[in-house]
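# Fold and contact review
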Amino acid sequence: MDIFEQVRWGHGGRAEGGVCGALHAALRLSRKKETKEFLRREFVEKAGSEHCREIRRLKKLNCDRCVELAAKVLTEREHTENAS
């Protein structure tokens, strides 16, 4: 099963542990432990939680914004790490 099949069903709080699907996918795509830790911290700081239901309850970000945030943080971090 490829990575896209593995994360495909993670939306709507169905990712492992109820984690936001966008964060779940970004964590799966990240290769380094440091990137994963950074991703979680940045995501929680901006979204208020890493869990889908909590994020929706807080109404800080909608699903589209969660996807944008996870992609942005992952892209910036991977680019920064690769540039070093």
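This one's a predicted model, so the numbers in the text were calculated from it and none came from an experiment.

The helix and strand tally for the chain stands at 5 helices and 0 strands. Listing the helices and strands of the chain from first to last along the sequence gives α-α-α-α-α. Buried residues in the chain amount to 35% of all 84 residues. For the chain, long-range pairs separated by at least 24 residues make up 51% of all intrachain contacts whose partners lie at least 6 apart in sequence. With the model as given, the accessible surface of the chain reaches about 5800 Å², and the carbon-plus-sulfur share is 52%.

Cys20, Leu23, Leu39, Phe43, Ile55 and Cys66 are the most contacted members of the largest nonpolar core, which totals 15 residues. Breaking this core down by element, the ones donating at least two residues are helix H2 (21-29), helix H3 (33-47) and helix H5 (63-83). Element by element, the count of residues in this core is highest for H5, at 5 residues. Those residues in contact with Cys20, other than ones at most four positions away along the chain, are Phe43, Glu50, His51, Cys52, Ile55 and Cys66.

Rules and cut-offs
Residues numbered from 1 in each chain as written. Predicted model: local features only at pLDDT ≥ 70, side-chain atom pairs only at ≥ 80, totals over all residues. Heavy atoms only, no water. Helix = DSSP H or I, 4+ residues; strand = E, 2+ residues; numbered from the N terminus. Buried < 20%, exposed > 50% of the residue type's maximum accessible area, 1.4 Å probe, protein only. Contact = heavy atoms within 4.5 Å. Areas by Shrake-Rupley, 256 points an atom, 1.4 Å probe, with all protein chains shown as cover. Core = buried A, V, L, I, M, F, W, Y, C linked by side-chain atoms within 4.5 Å.

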